[in-house]
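Tertiary structure, described
Each chain, written out:
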Amino acid sequence: MRYSYSPHSLVVEHNILFLRGFTILFISCIAVRLDLGLSSIPSSLKSLPLGGHLNFDELSLRNAARDFGNRYQYHPMAVLYPESVSDIAATIKHVWMRGPSSHLTVAARGHGHSLQGQAQANGGIVINMESLKVPKMQVHVGNFPPYVDVSGGELWINILHETLRYGLAPRSWTDYLHLTVGGTLSNAGVSGQAFKYGPQISNVQQLEIVTGTGEVVNSSAEHNGELFHSVLGGLGQFGIITRARIVLEPAPAMVKWIRVLYSDFTSFTRDQELLISSENTFDYIEGFVIINRTGLLNNWRSSFNPQDPVQASHFKSDGRTLFCLELAKYFNVEEIDAANQEVEEHLSRLSYIQSTLFSTEVTFVDFLDRVHVSEVKLRSKGLWDVPHPWLNLLIPRSQIHNFAEVVFGNILTETSNGPVLIYPVNKSKWDNRTSVVIPEEDIFYLVAFLTSAVPSSNGTDGLEYILSQNKRILEFCQRAQLGVKQYLPHYNTQQEWRAHFGPQWETFLQRKSVYDPLAILAPGQRIFQKAITFS
């Protein structure tokens, strides 16, 4: 039998088929949405026996979808406010038991200072680690070395204040202390003390970890060592840090804080490397780059005193690329004379511009919490909650001059919208068993472009311009094969992550298959997809 169709009937049938297909697709999308967030999953989560609580309120979800970077927003389905470690374990175990068919993922969120949505979980569960107050912070002074046991959600500033009550403090810091222990240990935790003591991950004795299967594991270098080292610098991929034992040392009362300037990059790096290689040296060594900044020394005068006010007043920084060496010597009040003598001896070996020596004396707390002062000022002006397109790089010593010549000479035109840090560290202070990736040289530099973008600006201080500048820097590093590694890394494809980890990728992959086989944890890092299959 033959059928004949008029053009009109063909159009009608086509429209019917289209509407039928669209209706099926629409209904299936509704079904998926119900399955993901609005029906079965919340009810099953609500039945979990928790000491804390799960929050499905829109405001809570909105807050969990923001971070310091202010560029990415992925709304979770729920936020967990845990009362205890068992709340975290029970929640992850629940997600684990649902198997690979569930889309649920879990992210630990500390103080919300990730830069590119790393602590977010789109349609998943975000754990508010700051609500975890168990165990209570405990300082142990009768051991050598002394230590403090803290919650993974504790802020470093609180640890500083508590340990100082015993005359003690952690050895290694970050420049900003209003970060959680779990957050910094999942990356590395670096600052001007890292050349001497290594990053914060080199100053941990024990960890309590909740793995991607909901198991609570106590670990150290000697006990469950593979998990211990996996989690340190592991970007949250292998477990959530719920307790940490941090090494302490006697705390000083005061800090002699010094800044000097260089116009020659070779002299600047030579002096930095000299200082970090010396036995008896400063306690903190950092540097930063200053491009096209005017009135720099006048800005310092509000908190730093020039050694020679007359010479300093004649110094002109306009339009020049300068390099600042920032140093700190710790001391107690009764040791002031010896501290001053040591500082003079160290400075006598350096090749800085003599008229640019500025110094001050502050308390140990004021020095370590110095960035918070800037935060308060920026918040008062509404300039804190803006996009922060930061770029942090670890650069081999052998390539730092090549990098500086191109980046500071051609790509970067000014540093007025955020500091550019640059300082060397010793690889010997880093444990190669951890998950963090660093260059393969005995000395490498941290170079951090800590820019803030002005909302709605189309100029050099706008987000798009800064992102374009970051891209040019990364493309140059790749093109010139400098062997650079990103710190606080961010990539969009697994191929890029493979390149980042290099020879360590297979180890990283194996660890993931053991401790988080369904890829439940830290989806915001974009390293693995949920329920990835391992060969």
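Residues numbered from 1 in each chain as written. Predicted model: local features only at pLDDT ≥ 70, side-chain atom pairs only at ≥ 80, totals over all residues. Heavy atoms only, no water.

**Some details on the overall build of the chain**
The criterion, for reference: Going along the chain from the N terminus, every DSSP run of H or I of four or more residues is numbered as a helix, and every run of E of two or more is numbered as a strand. This radius of gyration counts C-alpha atoms alone. The globule rule is 2.2 Å times how many residues there are, raised to the power 0.38. Only protein chains enter the accessibility calculation, which uses a 1.4 Å probe; a residue whose area is less than 20% of its type maximum is buried, one above 50% is exposed, and one in between is partly exposed. When charges are tallied, Lys and Arg are placed among the positive residues and Asp and Glu among the negative ones, while His and the ends of the chain are skipped. Lysine's charge is taken at NZ, arginine's at CZ, aspartate's at CG and glutamate's at CD.
Along its length, the chain carries 18 helices and 19 strands. Computed over the C-alpha atoms, the radius of gyration of the chain is 26 Å, within 12% of the 24 Å expected from 2.2 N^0.38 for a compact globule of 535 residues. Dimensions of the chain, computed from the C-alpha atoms along their principal axes, are close to 105 × 60 × 45 Å. Every one of the 535 residues in the chain was classed for burial, and the buried ones make up 54%. Where the 43 positive side-chain charges of the chain centre and where its 49 negative ones centre are 7 Å apart.

**Focus on the packing of helix H17 (residues 494-501) against helix H18 (residues 505-515)**
Note the following rule: Axis definition: a line fitted to C-alpha atoms, limited for helices to the stretch in contact. Angles are taken between N-to-C directions and run from 0 to 180 degrees. Two residues qualify as a contact provided that any one of their heavy atoms is within 4.5 Å of a heavy atom in the partner residue.
For the pair H17 and H18, the least separation of the axes is 8 Å and the interaxial angle reads 115°. Counting all contacts with H17, which are made through Gln-494, Trp-497, Arg-498 and Phe-501, the residues of H18 involved are Trp-505, Glu-506 and Phe-508.

**A word on the pattern of salt bridges**
What counts is decided by this rule: A side-chain nitrogen of Lys or Arg and a carboxyl oxygen of Asp or Glu constitute a salt bridge if their distance falls within 4 Å.
All told, the structure shown has 17 salt bridges when counted by the stated rule. Between Lys-196 and Asp-283 there is a salt bridge, with its nearest N and O atoms 2.9 Å apart. One end of the pair, Lys-196, is in helix H7 (residues 194-197); the other, Asp-283, is in the loop between helix H9 (265-276) and strand S12 (284-291), with 87 residues separating them in the sequence.

**Overview of the nonpolar core**
Worth spelling out the cut-off: Joining through side-chain atoms within 4.5 Å is the link that ties buried Ala, Val, Leu, Ile, Met, Phe, Trp, Tyr and Cys residues into a set, and such a set is a nonpolar core. The domain limits used here are those given by an automatic or database domain assignment.
Membership of the largest hydrophobic core comes to 83 residues, with the highest contact counts inside it found for Leu-185, Leu-207, Leu-261, Trp-300 and Phe-367. Taken together, domain 2 (138-250) and domain 3 (254-486) each give at least three residues to this core, which thus spans both. Counting residues in each nonpolar core, the second largest holds 41 residues, with Leu-275, Val-343, Leu-350 and Tyr-445 among its members.

**Thoughts on the packing of aromatic side chains**
Selection criterion: In this scheme Phe, Tyr and Trp rings, the latter by its six-membered ring, pair at centre separations within 6.5 Å, and the angle between planes marks the pair as stacked below 30 degrees, edge-to-face above 60, and tilted otherwise.
With the rule as written, the count across this model stands at 28 aromatic pairs. Seen in terms of ring centroids, Phe-68 and Trp-390 are 5.2 Å apart; in terms of plane orientation they differ by 75°. Their pairing is edge-to-face. Separated by 322 residues along the polypeptide, Phe-68 in the loop between helix H3 (58-64) and strand S2 (78-81) and Trp-390 in the loop between helix H14 (370-380) and strand S16 (391-396) bring together distant segments of the chain. Taking the relative accessible area as the measure of exposure, Phe-68 reaches 8% and is therefore buried. Here Trp-390 falls in the partly exposed class, since its relative accessible area comes to 25%. Between the aromatic rings of Phe-501 and Trp-505, the centroid separation amounts to 5.9 Å while the plane-to-plane angle is 45°, which identifies the pairing as tilted. Since its relative accessible area comes to 3%, Phe-501 is described here as buried.

**Details of the sheet that holds strand S14 (residues 321-331)**
Quick reminder of the rule: When DSSP finds two or more bridges between a pair of strands, those strands are recorded as paired.
Ordered in space as S13-S15-S11-S14-S12-S17-S18-S16-S19, the 9 strands form an open sheet in which the pairing is antiparallel. Only two strands of the sheet have a single neighbouring strand rather than two, namely strand S13 (305-306) and strand S19 (485-487). Where S13 lies against strand S15 (residues 358-363), 2 bridges are found, and the strand directions are antiparallel. Counted as the bridge partner of Asn-305 is Ser-359 from S15. Packed on one face of the sheet, H9 meets strand S11 (254-262), S12, S14, strand S17 (420-426) and strand S18 (443-449) and runs near 40° to S17.

**Thoughts on the side chain of Glu-273**
Residue placement: Glu-273 occurs in helix H9. Take Glu-273: its relative accessible area is 12%, and that puts it in the buried class. Glu-273 has contacts with Arg-397, Pro-424 and Tyr-445, leaving out every residue within four places of it along the chain.

**Side note on the pairing of S18**
Counting buried residues along S18, 7 of its 7 residues qualify, which places the element largely inside the surrounding structure. Where burial is concerned, the two faces of S18 agree: the one with Ile-443, Tyr-445, Val-447 and Phe-449 and the one with Phe-444, Leu-446 and Ala-448 are both buried. The pairing of S16 with S18 spans 6 bridges and is antiparallel. When the sheet's bridge partners are listed, Leu-394 is paired in S18 with Leu-446.

**Quick look at the layout of surface pockets**
Quick note on the threshold: In this analysis a 1.4 Å probe is tested at points of a 1 Å grid over the protein atoms alone, and where it fits but cannot get out there is a cavity; an open set with protein on both sides within 12 Å along at least five of seven lines is a pocket; lining residues have an atom within 4 Å of a point. Grid points are joined across faces, edges and corners, and a volume is the space filled by probe spheres set on the points.
One number sums up the size of the second largest pocket: a volume of about 900 Å³. Forming the boundary of the second largest pocket are 29 residues, of which Leu-474, Gln-486, His-490, Tyr-491 and Glu-496 lie nearest the centre. At the level of secondary structure, the elements contributing two or more residues to the lining of the second largest pocket comprise S16, helix H16 (463-479), S19 and H17. Per element, the largest residue contribution to the lining of the second largest pocket is 7 residues, and it comes from H16.

**Topic: the confidence of the model for the chain**
Test applied: A residue's pLDDT is simply how confident the predictor is in it, with values from 0 to 100.
Here the chain averages 91 in pLDDT, and 91% of its residues register 70 or above. Overall, residues 1-40 carries pLDDT values under 50, and its contacts beyond four positions in sequence, including any with other chains, amount to 13 contacts.

**Overview of the side chain of Asn-187**
Rules: Polar contact criterion, stated in full: a pair of N or O atoms within 3.5 Å, where within protein one must be able to donate a hydrogen and the other to accept it, and residues adjacent in sequence count only if both atoms are side-chain atoms.
Here Asn-187 lies in the loop between helix H6 (181-185) and H7. A polar contact is formed between the side chain of Asn-187 and the backbone oxygen of Gly-183, at a distance of 2.9 Å. Ignoring anything within four residues of it in the chain, the contact list for Asn-187 reads Gly-233, Leu-235, Val-436, Tyr-487 and Leu-488.

**Here we look at the packing of H9 against helix H15 (residues 400-411)**
As a reminder, the rule being used: In what follows, roughly perpendicular refers to angles from 65 to 115 degrees, roughly parallel to angles under 35, roughly antiparallel to angles over 145, and oblique to any angle outside these ranges. We call a crossing left-handed when the near helix sits turned anticlockwise from the far one by less than a right angle, and right-handed when that turn is clockwise. Classification convention: Asp, Glu, Lys, Arg as charged; Ala, Val, Leu, Ile, Met, Phe, Trp, Tyr, Cys, Pro as nonpolar; all other residues, Gly among them, as polar.
One way to put it is that H9 packs onto H15 with a least axis distance of 11 Å and a crossing angle of 140°. Here H9 is positioned oblique relative to H15, judged by the angle of their axes. As for how H9 packs across H15, the hand of that crossing is right-handed. In this structure, H9 uses Phe-265, Thr-266 and Thr-269 to contact H15, whose residues at the interface are Ile-400, His-401, Ala-404 and Phe-408. Grouping the constituent residues of the contact of H9 with H15 by class yields 4 nonpolar, 3 polar and no charged.

**A short note on the sheet that holds strand S3 (residues 106-109)**
An order of S1-S2-S4-S3 is seen for the 4 strands of this open sheet, with the pairing classed as mixed. Lying at the two open borders of the sheet, with one neighbouring strand each, are strand S1 (53-55) and S3. Sheet twist, expressed as the mean angle between neighbouring strand axes with direction ignored, is 25°. The sheet contact formed by S1 and S2 spans 3 bridges and is antiparallel. Residue pairing in the sheet places Asn-55 in a bridge with Val-79 of S2.

**A short note on the environment of Gly-319**
Tracing the sequence through the fold places Gly-319 in the loop between helix H11 (309-314) and S14. Relative accessible area serves as the criterion here: at 58%, Gly-319 is assigned to the exposed category.

**Considerations on the environment of Gln-237**
For Gln-237, the position within the fold is in the loop between helix H8 (225-231) and strand S10 (239-250). Separated by 291 residues in sequence, Gln-237 and Phe-528 place their C-alpha atoms 8.9 Å apart. Setting aside its immediate chain neighbours within four residues, Gln-237 contacts Phe-508, Lys-512, Asp-516, Leu-521, Ala-522, Gln-525, Ile-527 and Phe-528. Among the polar contacts made by the side chain of Gln-237, one reaches the main-chain carbonyl oxygen of Ala-522 at a distance of 3.2 Å.

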